[in-house]
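Here's the letter readout for the chains.
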Amino acid sequence: MQISRRKLLLGVGAAGVLASGASALVPMVRRDGKFIVTKSRALPVDGTSGELPKEADAVIIGGGIQGVLTAINLAERGMSVTLFEKGAIAGEQSGRAYSQVISYKTSPEIFPLHHYSKKLWRGMNEKIGADTSYRTQGRVEVPSSEEDLARSIDWIISARETAGFGTPLNTRIIGGNELTKRLANAKTPWKIAGFEEDSGSVDPETGVPVLAQYAKKIGVKIFTHCAVRGIETAGGKVSGVVTERGSVKAPSVVLAGGIWSRLFMGNLGVDIPTLNVYLSQQRVSGAPGAPRGNVHLPNGIHFREQADGTYAVAPRIFTSSIVKDSFLLGSQFSHLLGGGELPLKFKLGEDLFNSFNIATQWGLDEVTPFETHRIATATQNNEHLDGVFERMKAEFPVFKNSEIVERWGAVVSPTADELPIISEVEKYPGLVINTATIWGMSEGPASSEVTADILTGKTPIIDPAPFSLSRFNS
């Protein structure tokens, strides 16, 4: 997918939408999707028992894909690592993602993260001696227009030259019988498509929990249901963290807090300019004769086969709930307005009121929002989910008897330039941030290795300059 996720548009049109009058407000108020405290859908991971350690070489804040893989990277380098998760491992976005592992048509800045991560994912199950659910399965993307096809061809030519990591680009344009087989039993006679042969997928409810079990096996201490309230400093550097259960001394800390990173850093006086966007996901039962692997069609059909034979089906429609940050950050995101490939709808409702009631400042001896929101996400939009499922069954009649297995909502929190933040924090030496990704599974292995490189003073395998926090100062 083109990293034109700028087509998300985020919450930056809040002021304009509000100014448009009652005709715009009525559907916005009725629209599904709101931020709620909920339960995890990921496989459970028991936390480390007993008292907190007095000290560690490194502390990781956040038990999603970025936090768990960063912990593994550091532990494999001989460091003692303690990870704190306010709720459950992969309880939020890492257990709710669409979870394709792709690099196709990504931007020059993002491509190295994705291309290298695909290589790491292919060896992951063997490395940890367990099945994360990762499968290399191939992905077909039919272009939406002649212009899109031309851009796709240009991207393939360019990416072949920059692939690197000892792994050539395995993406090409296909048609004829090969495409027909890839899109088995489709009603539309599709003529041409991009085919990313080495793309894959990870079932989100499985991947990170299995990785967390491996982390524990190699010595990482994982404390779940234990929020970090803030950090401590000594001599102008990070000296540890304060959790709801006490303090742990550590000269190095990684924040991998996902949608909560902005709030955590805000309490430290550091701005992380991200905005939350809601989306909906579902799983449906498989069908004999259905296409295998990962499919992206221009008529709004997006699905991938899971390891258990069910299919993850995503409508790729995003909701920006108007909240306090919509007004605070609107000017930074205003260049993303204007529409595009991925539809965005605004939501006006109780989220706006609730956003003014979430504490943005607290003392280290006070209960934080992380403790009142152990596991939180957006509710799903059933209208969007019904729509994509009906389109899928119309295009591929073999799915006509498929049934909905599960539905859920999700939240991502991107930056205005759609790049993650993988960066040291100048104000707090010893603190590294790994957050703001909207491609968690596709970036996780590489971004966590880069994070570990930064933390340990090693030259990063991928230049982290595009992901630096300092880019927001200019």
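What counts as what
Residues numbered from 1 in each chain as written. Predicted model: local features only at pLDDT ≥ 70, side-chain atom pairs only at ≥ 80, totals over all residues. Heavy atoms only, no water. 1 Å grid on protein atoms, 1.4 Å probe; cavity = no way out; pocket = protein on both sides within 12 Å on 5 of 7 lines; lining within 4 Å. Points joined across faces, edges and corners; volume = space filled by probe spheres on them. Nonpolar A, V, L, I, M, F, W, Y, C, P; charged D, E, K, R; others polar. Helix = DSSP H or I, 4+ residues; strand = E, 2+ residues; numbered from the N terminus. Pairing = 2+ DSSP bridges. Buried < 20%, exposed > 50% of the residue type's maximum accessible area, 1.4 Å probe, protein only. Core = buried A, V, L, I, M, F, W, Y, C linked by side-chain atoms within 4.5 Å. Contact = heavy atoms within 4.5 Å. Salt bridge = Lys/Arg side-chain N within 4 Å of Asp/Glu carboxyl O. Axes fitted to C-alpha atoms, helices over the stretch in contact; angles between N-to-C directions. Polar contact = N/O pair within 3.5 Å; in protein donor to acceptor, adjacent residues only side chain to side chain. pLDDT = per-residue confidence, 0-100. Phe/Tyr/Trp six-rings, centres within 6.5 Å; stacked < 30°, edge-to-face > 60°. Lys NZ or Arg CZ within 6 Å of the ring centre and 35° of its normal. Parallel < 35°, antiparallel > 145°, perpendicular 65-115°, else oblique. Left-handed = near helix turned anticlockwise from the far one by under 90°.

Looking at an unreviewed UniProt entry, the protein chain carries the name FAD-dependent oxidoreductase, with the source organism given as Xenorhabdus stockiae.

J.: How would you summarise empty space enclosed by the protein if you had to cite specific residues and measurements?
T.: Under the definition given, this model contains two cavities of 30 Å³ or more. Of the pockets and cavities examined, the largest cavity occupies roughly 760 Å³. As for the largest cavity, its lining consists of 50 residues, of which E92, Q93, S94, G258 and I259 are closest to the centre. For the lining of the largest cavity, a count of residues per class yields 25 nonpolar, 20 polar and five charged. Each pocket or cavity is described by its volume, and for the second largest cavity that value is around 50 Å³. Every residue lining the second largest cavity is listed: D32, G33, Y278, L279, S280, I317, T319, T379, N381 and H384. Looking at which element gives the most residues to the lining of the second largest cavity, the answer is strand β15 (residues 277–284), with three residues. Looking at side-chain class alone, the lining of the second largest cavity contains three nonpolar, six polar and one charged residues.

J.: How would you sum up the sheet that holds strand β9 (residues 200–201)? Please name residues and give values.
T.: Read from one edge to the other, the open sheet built from three strands follows the order β4-β9-β5, with strand pairing classed as antiparallel. Each end of this open sheet is capped by a strand with a single partner; those strands are β4 (100–101) and β5 (135–136). Relative to β9, β4 runs antiparallel, the two being bridged by two bridges. The residue bridging V101 from the neighbouring strand is G200, located in β9.

J.: Please provide a residue-by-residue account of helix α3 (residues 65–75), values included.
T.: Where burial is concerned, most of α3 is hidden: 11 out of the 11 residues are buried. Among all positions in α3, only I65, Q66, G67, V68, L69, T70, A71, I72, N73, L74 and A75 are buried.

J.: Help me get a handle on the nonpolar core, residues and values and all.
T.: Membership of the largest hydrophobic core comes to 44 residues, with the highest contact counts inside it found for V68, L83, I89, W121, L211 and V220. Elements represented by at least two residues in this core include exactly β2 (58–61), α3, β3 (81–84), α4 (111–122), α5 (124–128), α8 (204–217) and α15 (440–456). With seven residues, the top contributor of residues to this core is α3. When neighbours within four sequence positions are excluded, V220 is seen to be in contact with T48, A71, A75, V81, L83 and A215. The next biggest cluster of nonpolar side chains, apart from the first, holds 37 residues, and it includes F35, I421, Y428 and L469.

J.: Talk me through the pattern of salt bridges; I want residue IDs and the actual numbers.
T.: For the coordinates displayed, the defined rule picks out 28 salt bridges. Between K127 and E76 there is a salt bridge, with its nearest N and O atoms 3.1 Å apart. A residue pair is termed long-range when its members are at least 10 positions apart, and K127 in helix α5 and E76 in the loop between α3 and β3 qualify at 51 residues. Looking at K127, the relative accessible area reads 44%, which means it is partly exposed. With a shortest N-O distance of 2.9 Å, K86 and E92 are connected by a salt bridge. Taken as a pair, K86 and E92 share a single burial class, namely buried. Put simply, R41, E205, R283, D308 and E406 are held in one network by salt bridges that share partners.

J.: A description of the sheet that holds strand β12 (residues 237–243) should follow, citing residues and the corresponding values.
T.: As summarised here, the arrangement of the three strands in space is β11-β12-β13, forming an open sheet in which the pairing is antiparallel. Single-partner strands in this sheet number two, and they are β11 (228–234) and β13 (246–249). Taken pair by pair, the neighbouring strands of this sheet meet at an average axis angle of 30°, ignoring direction. The sheet contact formed by β11 and β12 spans six bridges and is antiparallel. Pairing of E232 across the sheet is with G240, part of β12.

J.: Describe unusual backbone geometry, with residues and values.
T.: Here N185, not a glycine, exhibits a phi torsion of approximately 65°, which is positive. Within the element layout of this structure, N185 appears in the loop between α7 (176–182) and β8 (192–196). Classification of N185 as partly exposed rests on a relative accessible area of 47%. With a phi close to 70°, A436 is a non-glycine residue in the positive phi region. Its place among the elements puts A436 in the loop between β24 (431–435) and α15. Classification of A436 by relative accessible area gives buried; the value is 7%.

J.: Explain the side chain of S402 residue by residue, including any values.
T.: In this fold, S402 is placed in the loop between α14 (382–395) and β22 (404–412). Polar contacts involving the side chain of S402 include one to the main-chain carbonyl oxygen of S285, which spans 2.9 Å. When neighbours within four sequence positions are excluded, S402 is seen to be in contact with S285, G286, A287 and F389.

J.: Give me the lowdown on the confidence of the model for the protein chain, citing residues and values where you can.
T.: This prediction gives the protein chain a mean pLDDT of 92; 91% of its residues lie at or above 70. At the level of individual helices and strands, the protein chain shows its lowest average pLDDT in helix α1 (residues 14–19), which scores 52, and its highest in β2, which scores 99.

J.: An account of the packing of aromatic side chains is needed here, citing residue identities and associated values.
T.: One pass over the full model with this rule turns up 13 aromatic pairs. An aromatic cluster is defined as three or more aromatic residues linked by ring pairs; in this entry it consists of F35, W260, F264, W362 and F370. One residue, R304, lies across the ring of Y98, its end atom 5.9 Å from the ring centre.

J.: Which residues make up the packing of α3 against α15, and what values go with them?
T.: Where α3 contacts α15, the axes come no closer than 8 Å and their chain directions differ by 45°. When the axes of α3 and α15 are compared, the pair comes out oblique. For the pair α3 and α15, the crossing hand works out as right-handed. Mapping the contact onto sequence places I65, Q66, L69, T70, N73 and L74 in α3 and G440, M441, G444, P445, S447, S448, E449, T451, A452, L455 and T456 in α15. Of the residues contributing to the contact of α3 with α15, the split by class is seven nonpolar, nine polar and one charged.

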